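Topology and contacts: notes
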Amino acid sequence: MSKGTEAFAVNDRVNHSEHGLGKITDVNPRHMTIAFDQAGVRKFVTSMVRLERSDAPAPPKASRAKSAKPKAAKKR
């Protein structure tokens, strides 16, 4: 387990003991933001967060289906 900005960079895949797998979206000396696959986006104090690197691929993004809702007729 590592800590600090030297160890991790934006777009690194990581594993957190509580939140699971995710991708680092922002990192600076004070804070780190991670978008977790299941737990959503979380922000951590960089010097305190405990992470492990992960080789697990990100889950596929769900494609947005087009709405089958008919368009409303314009009123005159």
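Basis of the calculations
Residues numbered from 1 in each chain as written. Predicted model: local features only at pLDDT ≥ 70, side-chain atom pairs only at ≥ 80, totals over all residues. Heavy atoms only, no water. Phe/Tyr/Trp six-rings, centres within 6.5 Å; stacked < 30°, edge-to-face > 60°. Buried < 20%, exposed > 50% of the residue type's maximum accessible area, 1.4 Å probe, protein only. 1 Å grid on protein atoms, 1.4 Å probe; cavity = no way out; pocket = protein on both sides within 12 Å on 5 of 7 lines; lining within 4 Å. Points joined across faces, edges and corners; volume = space filled by probe spheres on them. Pairing = 2+ DSSP bridges. Helix = DSSP H or I, 4+ residues; strand = E, 2+ residues; numbered from the N terminus. Core = buried A, V, L, I, M, F, W, Y, C linked by side-chain atoms within 4.5 Å.

Here we look at the packing of aromatic side chains
Counted according to the given criterion, the structure contains one aromatic pair. Summarising the aromatic geometry, the rings of Phe-36 and Phe-44 are spaced 6.0 Å apart at their centres and angled 85° between planes, so their arrangement reads as edge-to-face. Side by side, Phe-36 and Phe-44 carry an identical accessibility label, which is buried.

What about the layout of surface pockets?
Each pocket or cavity is described by its volume, and for the largest pocket that value is around 190 Å³. Around the largest pocket sit Arg-13, Lys-23, Thr-25, Ala-35, Phe-36, Asp-37, Gly-40, Val-41, Ala-58, Pro-59 and Lys-61, which together line it.

Description of the sheet that holds strand 2 (residues 20–27)
In spatial order, the strands read 4-3-2-1-5; together these five strands make up an open sheet with antiparallel pairing. Both outer strands of the open sheet, strand 4 (40–45) and strand 5 (52–53), are each paired with one neighbouring strand and no more. Pairing analysis gives six bridges linking strand 3 (residues 31–36) to strand 4, with the strands arranged antiparallel. In the strand pairing of strand 4, Met-32 is matched with Phe-44.

Section: unusual backbone geometry
Phi is positive for Asn-11, which is not a glycine, with a value near 80°. Secondary-structure assignment places Asn-11 in the segment before strand 1 (13–16). Judged by its relative accessible area of 52%, Asn-11 falls in the exposed class.

Concerning the nonpolar core
Counting ten residues, the largest nonpolar core is built from Ala-7, Phe-8, Val-14, Ile-24, Met-32, Ile-34, Phe-36, Phe-44, Val-49 and Leu-51. The element contributing the most residues to this core is strand 3, with three residues.

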